[in-house]
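# Summary of structural features
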Amino acid sequence: LSVRTEIIEVDRESPQPAAMTTAAEVLRRGGLVAFPTETVYGLGANALDASAVRCIFEAKGRPATNPVIVHVASAEELSRVAAQVSELAGALARAFWPGALTLVLPRCAEIPDVVTAGGETVAVRVPNHPVALALLKAAGVPIAAPSANRSESLSPTTAAHVLKGLDGRVDLVLDGGPARGGIESTVLDLSGPEPTILRPGLVTREQIAAVLGVQVALRTAGEDSAELARSPGQMRRHYAPRVPLELSEASAARIAILAAGGVRVGWLALTSDEGIVACGAPVRKLVLPRDPQGYAAGLFAALHALEDAGCQRIVVEKPPLDPEWLAIHDRLSRAVAAE
Ligand code: AMP
Ligand code: MG
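These numbers come from a predicted model, not from an experiment. (Residues numbered from 1 in each chain as written. Chains lettered and ligands numbered in written order. Predicted model: local features only at pLDDT ≥ 70, side-chain atom pairs only at ≥ 80, totals over all residues. Heavy atoms only, no water.)

In terms of helices and strands, the protein carries eleven helices and 16 strands. Counting only C-alpha atoms, the protein reaches 60 × 50 × 35 Å along its principal axes. Across the 339 residues of the protein, 54% fall into the buried class. Looking at the protein alone, contacts between residues at least 24 apart form 67% of all its contacts between residues at least 6 apart. Summed over all atoms, the accessible surface of the protein reaches about 13,800 Å², with 52% contributed by carbon and sulfur. (Helix = DSSP H or I, 4+ residues; strand = E, 2+ residues; numbered from the N terminus. Buried < 20%, exposed > 50% of the residue type's maximum accessible area, 1.4 Å probe, protein only. Contact = heavy atoms within 4.5 Å. Areas by Shrake-Rupley, 256 points an atom, 1.4 Å probe, with all protein chains shown as cover.)

Set out below in structure tokens:
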């Protein structure tokens, strides 16, 4: 599979209608469009077109057992995707949409099996990004879109990251600048007896519990592969750079040992500073802020930069363990996991 990948720059705040028309046409004829959301870049296809969605799996090298998230333009469109919308789902949609909360609900018959990996539930959300929303409106169909990277690799927060993995595998990339959230949506399963977070993300467990007025369960990935397959975010190895990554509680000392041994190391450190600051060779050091939102916003961009800099190993200073850091620990621990 090799297509000529077209790239169109779009204005984040008011995306050019002509660009949206072009992208919508690609989607309606069964093609793939990568686009920015408030979390990471998505790799989109018409969710009602089974063969188009199959192209997503092929482009990513994604196992067919991993379902994909469906995006809709507004909560009113939920009925095109989900069979029943419970009161809880309605309350969460009102509280968090458009936003980074994905709800797992009973599916509707029009959603092809490939989207849900054959399961009876569908994951759906309304993205909070002007380009994603304009694209959904122009296309007039729900858009299935996992993150726009090859399976298991680092998630993309810029159009350049998308091209790194998918150039020649996607018809069109809408470049709307960096995705500001930086990590994926929270996936909340509402199809079982109690609301359960399948993947922690930008919306916190505490925020969801505050809306529902009840405790929210958190599914921790067991080693059971059937359970893992229910949710690709649960795959043990995921979000990983091409070089080994380790977490360290005393990263400066660890870096000193590795560098003394002649290893070209990438160091992802923490500070209270804002933004990413680069310095020093042969150790390449990037610094992320010590607040969970700022850290999430820069995490994948920093890991891409260290990977691209030719580091042989990446050492990440272990972030704080407080609940607001849950989603970040989830991503880092999967990036560490050995094959
Ligand atoms: P990605 O698109 O790569 O961000 O991963 C898609 C995410 O969608 C996974 O982490 C899953 O948790 C979630 N997902 C999609 N469909 C379903 C579903 N039907 N049931 C449970 N999780 C789902
Ligand atoms: Mg992904």
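Text resumes after the structure shown.
Under the defined criterion, the tally for this structure stands at 14 salt bridges. Here Arg125 ties to Glu38 by a salt bridge, and the two come within 2.8 Å at their closest N and O atoms. Taken together, the residues Arg125 in strand 6 (residues 121-125) and Glu38 in the loop between strand 2 (33-36) and strand 3 (41-46) connect sequence positions 87 residues apart. Under the relative-accessibility criterion, Arg125 is labelled buried at 2%. The partner of Arg313 in a salt bridge is Glu246, with the nearest N and O atoms 2.6 Å apart. (Salt bridge = Lys/Arg side-chain N within 4 Å of Asp/Glu carboxyl O.)

So, on to the pairing of strand 2. Burial along strand 2 is two-sided: the face carrying Val33 and Phe35 and the face carrying Ala34 and Pro36 are both buried. Here four bridges tie strand 2 to strand 3, and the two strands are oriented antiparallel to one another. Each bridged residue has a counterpart across the sheet, and for Ala34 the counterpart in strand 3 is Leu43. The hairpin turn running from strand 2 into strand 3, its antiparallel successor, is four residues long. Where strand 2 and strand 8 (residues 172-175) come together, two bridges link them in parallel fashion. Across the sheet, the residue bridging to Val33 is Leu172, located in strand 8. (Pairing = 2+ DSSP bridges.)

On the basis of which strands lie adjacent, the open sheet formed by eleven strands has the order 1-8-2-3-7-4-6-5-9-10-11 and mixed pairing. In the strand order of this sheet, the two ends are held by strand 1 (6-9) and strand 11 (217-218), each with one partner. This element, helix 6 (residues 159-166), spans strand 1, strand 2, strand 3 and strand 8 of the sheet and lies at about 160 degrees to strand 8. (Axes fitted to C-alpha atoms, helices over the stretch in contact; angles between N-to-C directions.)

Inspection of the entire model under this criterion finds two aromatic pairs. Both rings, one in Tyr239 and one in Phe300, keep their centres 6.0 Å apart while their planes meet at 40 degrees; by these two values the pair is tilted. Residue Tyr239 is located in the loop between helix 8 (225-229) and strand 12 (245-248), and its partner Phe300 is located in helix 10 (residues 292-308); the two are separated by 61 residues in the primary sequence. Pair check on accessibility: Tyr239 and Phe300 agree, each one buried. In this arrangement the basic side chain of Lys285 is found over the ring face of Trp267, its NZ or CZ atom lying 4.5 Å from the centre. (Phe/Tyr/Trp six-rings, centres within 6.5 Å; stacked < 30°, edge-to-face > 60°. Lys NZ or Arg CZ within 6 Å of the ring centre and 35° of its normal.)

Here we come to the packing of helix 10 against helix 11 (residues 326-336). Each pair of packed helices can be summarised by the angle the axes make with each other and by the distance between the axes. The N-to-C vectors of helix 10 and helix 11 enclose an angle of 30 degrees; their axes lie 10 Å apart at closest approach. Between helix 10 and helix 11, the angle is such that the two are roughly parallel. The crossing of helix 10 and helix 11 is left-handed. Contacts from Pro292, Tyr295, Ala296, Leu299 and Phe300 in helix 10 reach Ile328, Arg331 and Leu332 in helix 11. The residue makeup of the contact of helix 10 with helix 11, split by class, is seven nonpolar, no polar and one charged. (Parallel < 35°, antiparallel > 145°, perpendicular 65-115°, else oblique. Left-handed = near helix turned anticlockwise from the far one by under 90°. Nonpolar A, V, L, I, M, F, W, Y, C, P; charged D, E, K, R; others polar.)

Core analysis: the biggest nonpolar cluster contains 48 residues, and Leu43, Leu92, Trp97, Leu101, Leu103, Leu188 and Ile208 have the highest contact counts within it. Of all the secondary structure elements, the ones that give two or more residues to this core are strand 3, helix 2 (50-60), helix 3 (87-96), strand 5 (101-106), helix 4 (113-116), strand 6, helix 6 and helix 7 (205-212). With five residues, the top contributor of residues to this core is helix 2. Counting 24 residues, the second largest nonpolar core, distinct from the first, contains Leu154, Phe300, Ile314 and Val316. (Core = buried A, V, L, I, M, F, W, Y, C linked by side-chain atoms within 4.5 Å.)

As a further point, take the packing of helix 1 (residues 17-28) against helix 5 (residues 130-139). Viewed as axis vectors pointing N to C, helix 1 and helix 5 meet at an angle of 60 degrees, and their least axial separation amounts to 8 Å. With respect to helix 5, the element helix 1 is oriented oblique. You can see that helix 1 and helix 5 cross each other, and the crossing is right-handed. Each of Met20, Ala23, Ala24, Leu27 and Arg28 in helix 1 lies in contact with helix 5, whose residues at this interface are Val131, Ala134, Leu135, Ala138 and Ala139. Residues of the contact of helix 1 with helix 5, tallied by class, amount to nine nonpolar, no polar and one charged.

Let's shift gears to the environment of Gly118. Along the polypeptide, Gly118 turns up in the loop between helix 4 and strand 6. Sequence spacing of Gly118 and Thr65 is 53 residues, and the spatial spacing of their C-alpha atoms is 8.0 Å. Discounting chain neighbours no more than four positions away, the residues touching Gly118 are Arg107 and Asp113.

Okay, helix 5 next. Within helix 5, burial applies to Val131, Ala132, Leu133, Leu135, Leu136 and Ala139. Buried residues along helix 5 sit in contact with helix 1, strand 2, strand 4 (69-71), strand 7 (143-144) and strand 8. One or two positions beyond helix 5, positive phi appears at Gly140, with a value near 70 degrees.

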